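Descriptive analysis of the structure
Single-letter residue listing:
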Amino acid sequence: MSPAIDLSAFIHRDTKTGLNRLDLAIEGIDCAACIGDIERGIGRMKGVIEARLNYTNRRLGVAWQGEDVAPDAIVARLRQLGYRAHPFEASRQEQIETAEMRFLIRCLAISGFAAMNIMLFSVSVWSGNVTDITSDTRDMFHWLSALIALPAAAYAGQPFFRNAWRAIRNRNMTMDVPISLGILLALGMSLYETLHSAEHAYFDSAVMLLFFLLLGRVLDQVMRKKTRSVADNLMALKGETAVLLDTSGEARQVPVRAVKIGDLVLVRPGERIAVDGRVEAGQSAVDASLVTGETMQDQIGPGVQVYAGTLNIGGTLHVRVTAAHEGTLLDEVNRLVAQAADARSRYLRLADRAARIYSPVVHLAALATCIGWILIGASLHDAIITAIAVLIITCPCALALAVPATQVVASGALFKAGLLLQAPDGIERAAQCDTVVFDKTGTLTLPEPRIANRDAVNPVLLEEAARLALSSRHPLAMALSAEAHRRAPFEDAEEVTGEGIRAVVDGVEYRLGSASFCEAETMAAAALGTQRDASLIAFRRGDECAVFLLKQALRPDAAETVARLRAKNYALAILSGDNEAAVAQVARALGIAEWKSGLKPADKIAALATLKRDGRRVLMVGDGLNDAPALAAAHASLSPVSAAHVAHASADALFIGEGLAPVDAMLGLSRKAVRVMKDNLWIAVVYNLIAVPLAVFGHVTPLIAAAAMSGSSIIVTLSALRASQPMRAALPSHPVATRAPRSEARLAS
Amino acid sequence: MTILVYLIPVALSLGLLALGAFLWSLRSGQYDDLDGAGARILDDHDLPDRRPD
């Protein structure tokens, strides 16, 4: 068993009540019965006051009094119950998004309340106007509407007013500018008309507009938050820990996020280095494939810079944690990422492009209406009222919903296909791509080795070995543990340093590890004779014995997905940091003619720049630290969830599961989504072509304005629902979710 | 039309009551775990006397 993890960095102490709180991300929840199992299991532990599971985002909050409960005992208890748990700290981004969502929902509630109650008065006025309402009653109703509308709009309009103000200050044009202008003018004019006991006021239109637009934003935020919480859980469930050496030389295992710059970290053989740093002591061989894409091992010693994600194979290392230093690979990657990201941030979104055309046209139309009415002899008051009516009726309700509504539906569809969208404009950029560039290691191939001789071993032994492997942190054992159907590890498993792991189950000794440790040398030699590039792990249960071969494998549907992309006329290429022979083999297996090997991060960017010069728009798919600049530089980018941290941050979307099919789904769904967005913008244009002449000639009453606005918003929203189906040609022939590993599929379900 | 003197305040205060109730439920975190709330109602083990030590 690995030593207990020191979780003290994640415990929140409430000084007032004396309660300690710990949040954990839980893996393995697959039905509602798990709620009771977990809450009762933890709640019965002595000292625990509250255990509450959030079934939606799979997180458990535990509270206890004083020092009664050891936090690692909670994690151990969860393991016994069959769940893997990792301390969870909501990322700053997620906290901001949660706060933003609560604010948006409050705005939505207030504008909804105001819209309903103002409509109560408006309907009375409209029906009164055609029957026998007195002007005193009408004025009273208008004043009551103003009393509700003004404070409600002042509060609920904040999201739009703020953005509009920011855009104006930066001399930008976004959709929020005409929205804010329309709302303010509608309210101002209605107030003026009420003061003068006029027949028409537009309080209901202004507030209803706010309500519809807020509804769009809330849905967008809900989708974004859902995606973010799944991504954050997956991060936490990677369960990255580091062994920290304090000044007295004592070692304790802590979650990676608790490690600070300047700390000394111990890395044992078989562990992944969890931090960026410089080796202080020790000699070892390392596999840096997640960093450089190379599958060859490097020899390293004191003074060498190492990067998070590197696998330590040989000996024990002491690593001093450092920030990026000048001249290191990480520094160069960060610099290239910043440069590339800067170029991409200049991409202009479809909605903003529409706003740039729309605003001047509408504002000029309003001005022309005003001047036109004055020229034919109307009073200044009537001319201005008519001009404002033009602005109110064109207030871009449908136009402002056209893109966000589609975005919500599309990112929901992507989520179902196993894709977590990170950059909101990623859909629009991915839709324009005509070339797909893959990294090899960890992208076309699986990040972990897979069992290669499944057919040759007894399935019962495989299951038992995999369950024993759950207790080990050795990379080969962890790869093997993916085969376990029951996720509960054996109790009292102990690690034998450098050899393997053993446990006694029902009086029978189980061993998993090197061939000599399991006394299976002859069997191992026989198995290895057939497959040279594989790693071997042996298992013994009493007298029975088995050896498992593990090796790098292509993702199961790689060939199929590549063929499907080619059939859709995407140009395909491989850019890899690995050696020529390894890349050539994969390229041949997949039939990709265009490939380059041995590339450094800057070389990958240069290769992408060449493609760009040829007029191609590239979707980059990669996972390594060395891919991060290319991911940021490409027109759009995708990373598997297993990717290095920097790559994660640079990708537009992450895909989960073992398959490569999400790449195809991303391209198909985003093309479809952009087509729907454009359709929606045209619907909005047609609506305006009908509504504007009515307004210009002064036929718009508040009743017509209310009907037109809600009608167009509903049409656009219904049309957006089409974006959930990919274009027929892009429809995957099988659901992607069935290919995701159990844990990830559960998280995404 | 004197009926309006009662009806309008009644209508508005009912609306405000609903708004207040919604904002309270939002603040007390009742929308944080929508899937869980649906599943918990079927759980019979939440009675305190059935909880052994």
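Residues numbered from 1 in each chain as written. Chains lettered and ligands numbered in written order. Predicted model: local features only at pLDDT ≥ 70, side-chain atom pairs only at ≥ 80, totals over all residues.

**Notes on the overall build of chain A**
- Tallying secondary structure elements over chain A gives 25 helices and 27 strands in all.
- Considered along the principal axes of its C-alpha atoms, chain A spans approximately 105 × 65 × 50 Å.
- Residue burial in chain A is summarised as follows: out of 749 residues, 49% are buried.
- Sequence separation of 24 or more characterises 69% of the internal contacts of chain A that already satisfy a separation of 6 or more. (Helix = DSSP H or I, 4+ residues; strand = E, 2+ residues; numbered from the N terminus. Buried ≥ 20, exposed ≤ 12 C-beta atoms within 10 Å, placed from the backbone. Contact = placed C-beta atoms within 7 Å.)

**Points about the environment of Gly315 of chain A**
Residue and element names in this part refer to chain A.
- Tracing the backbone shows Gly315 in the loop between strand 13 (311-312) and strand 14 (317-321).
- Given 14 C-beta atoms within a 10 Å radius, Gly315 is considered partly exposed.
- Spatially, the C-alpha atom of Gly315 lies 6.0 Å from that of Gln283, the residues being 32 residues apart in sequence.
- Apart from the residues lying within four places of it in its own chain, the contact partners of Gly315 are Pro269, Gly282, Gln283 and Ser284.

**Focus on unusual backbone geometry**
Residue and element names in this part refer to chain A.
- Unlike most non-glycine residues, Asp506 shows phi in positive territory, near 50°.
- Following the sequence through the fold, Asp506 ends up in the loop between strand 19 (500-505) and strand 20 (508-513).
- Phi is positive for Glu519, which is not a glycine, with a value near 50°.
- Relative to the elements of secondary structure, Glu519 occurs in the loop between strand 20 and helix 17 (521-530).

**As for the sheet that holds strand 6 (residues 241-245) of chain A**
Residue and element names in this part refer to chain A.
- Read from one edge of the open sheet, six strands run 7-6-8-14-9-12, paired in antiparallel fashion. Lying at the two open borders of the sheet, with one neighbouring strand each, are strand 7 (251-255) and strand 12 (305-306).
- Strand direction decides the pairing type here: strand 8 (residues 264-267) and strand 14, joined by four bridges, are antiparallel. Bridge pairing in strand 14 links Leu266 to His318. (Pairing = 2+ DSSP bridges.)

**A word on the packing of helix 4 (residues 135-156) of chain A against helix 7 (residues 203-237) of chain A**
Residue and element names in this part refer to chain A.
- The interhelical angle for the contact between helix 4 and helix 7, taken along N-to-C directions, is 30°, at an axis separation of 10 Å. Judged by the angle between their axes, helix 4 and helix 7 are roughly parallel. Seen along the crossing, helix 4 lies across helix 7 with a hand that is left-handed. Residues Ser145, Ala146, Ala149, Ala152, Ala153 and Ala156 of helix 4 touch helix 7, and the partners they reach there are Phe203, Ala206, Val207, Leu210 and Leu214.
- For the contact of helix 4 with helix 7, a count of residues per class yields ten nonpolar, one polar and no charged. (Axes fitted to C-alpha atoms, helices over the stretch in contact; angles between N-to-C directions. Parallel < 35°, antiparallel > 145°, perpendicular 65-115°, else oblique. Left-handed = near helix turned anticlockwise from the far one by under 90°. Nonpolar A, V, L, I, M, F, W, Y, C, P; charged D, E, K, R; others polar.)

**Side note on the nonpolar core**
Residue and element names in this part refer to chain A.
- Within the largest apolar cluster, 200 residues are counted, with the highest numbers of intra-cluster contacts made by Ala206, Val207 and Leu619.
- Viewed by domain, this core spans two of them, domain 1 (1-89) and domain 2 (92-238), each represented by three or more residues.
- In contact with Leu619, not counting residues within four places along its chain, are Ala430, Cys433, Val436, Ala634, His635, Ala636, Ser637, Leu638 and Leu667.
- Counting 30 residues, the second largest nonpolar core, distinct from the first, contains Leu468, Ala503, Ile537 and Ala546. (Core = buried A, V, L, I, M, F, W, Y, C linked by C-beta atoms within 7 Å. Domains from an automatic or database assignment.)

**Topic: the pairing of strand 7 of chain A**
- Both strand 6 of chain A and strand 7 of chain A contribute to a ladder of five bridges, which runs antiparallel. Following the sheet pairing, Leu244 of chain A is matched in strand 7 of chain A by Arg252 of chain A.

**Regarding the interface of chain B and chain A**
- With 19 residues of chain B at the interface, the matching set in chain A holds 19 residues.
- Listed by contribution, the elements that provide at least two residues to the side of chain B that touches chain A are helix 1 (3-27) and helix 2 (34-40) of chain B.
- Counted by class, the side of chain B that touches chain A contains eleven nonpolar, three polar and five charged residues.

**A word on the domain arrangement of chain A**
- The assigned domain composition of chain A is domain 1 (1-89), domain 2 (92-238) and domain 3 (450-551).
- The gap between the C-alpha centroids of domain 2 of chain A and domain 3 of chain A is 62 Å.

**Details of the pairing of strand 3 (residues 48-54) of chain A**
All names here are of chain A.
- With six bridges joining them, strand 3 and strand 4 (residues 59-65) adopt antiparallel strand pairing. Along strand 4, the bridge assignment pairs Leu53 with Leu60.
- Adjacent in sequence and paired antiparallel, strand 3 and strand 4 are bridged by four residues, among which Arg58 carries a positive phi angle near 55°.

**Description of the sheet that holds strand 23 (residues 571-575) of chain A**
All names here are of chain A.
- Strand order in the open sheet formed by seven strands is 15-27-26-25-16-23-24, and the pairing between neighbours is mixed. The open sheet terminates on both sides in strands that have one partner only, identified here as strand 15 (419-421) and strand 24 (595-596).
- Alignment of strand 25 (residues 618-621) against strand 26 (residues 636-640), held across three bridges, turns out to be parallel. Its bridge partner being in strand 26, Met620 is matched across the sheet by Ser637.
- Packed onto the sheet, helix 20 (residues 601-613) meets strand 16 (435-438), strand 23, strand 24 and strand 25 and runs at close to 155° relative to strand 25.
- Sheet strands in contact with helix 23 (residues 661-696) are strand 15, strand 16, strand 25, strand 26 and strand 27 (653-655), and its direction is about 50° off that of strand 15.

**Some thoughts on the confidence of the model for chain A**
- Taken residue by residue, chain A gives an average pLDDT of 83. The fraction at 70 or more is 93%.
- Mean pLDDT across the elements of chain A ranges from a minimum in helix 25 (residues 742-748) of chain A, with 41, to a maximum in helix 4 of chain A, with 94. (pLDDT = per-residue confidence, 0-100.)

**Observations regarding the packing of helix 18 (residues 558-567) of chain A against helix 23 of chain A**
Residues and elements named next belong to chain A.
- Remark: helix 18 packs on helix 23, axes separated minimally by 8 Å, with the N-to-C direction vectors making an angle of 25°. On the basis of the axis angle, helix 18 is roughly parallel to helix 23. Counted together, Thr561, Arg564 and Leu565 of helix 18 and Ala661, Val663 and Asp664 of helix 23 form the full contact between these two elements.
- In terms of residue class, the contact of helix 18 with helix 23 is made up of three nonpolar, one polar and two charged.

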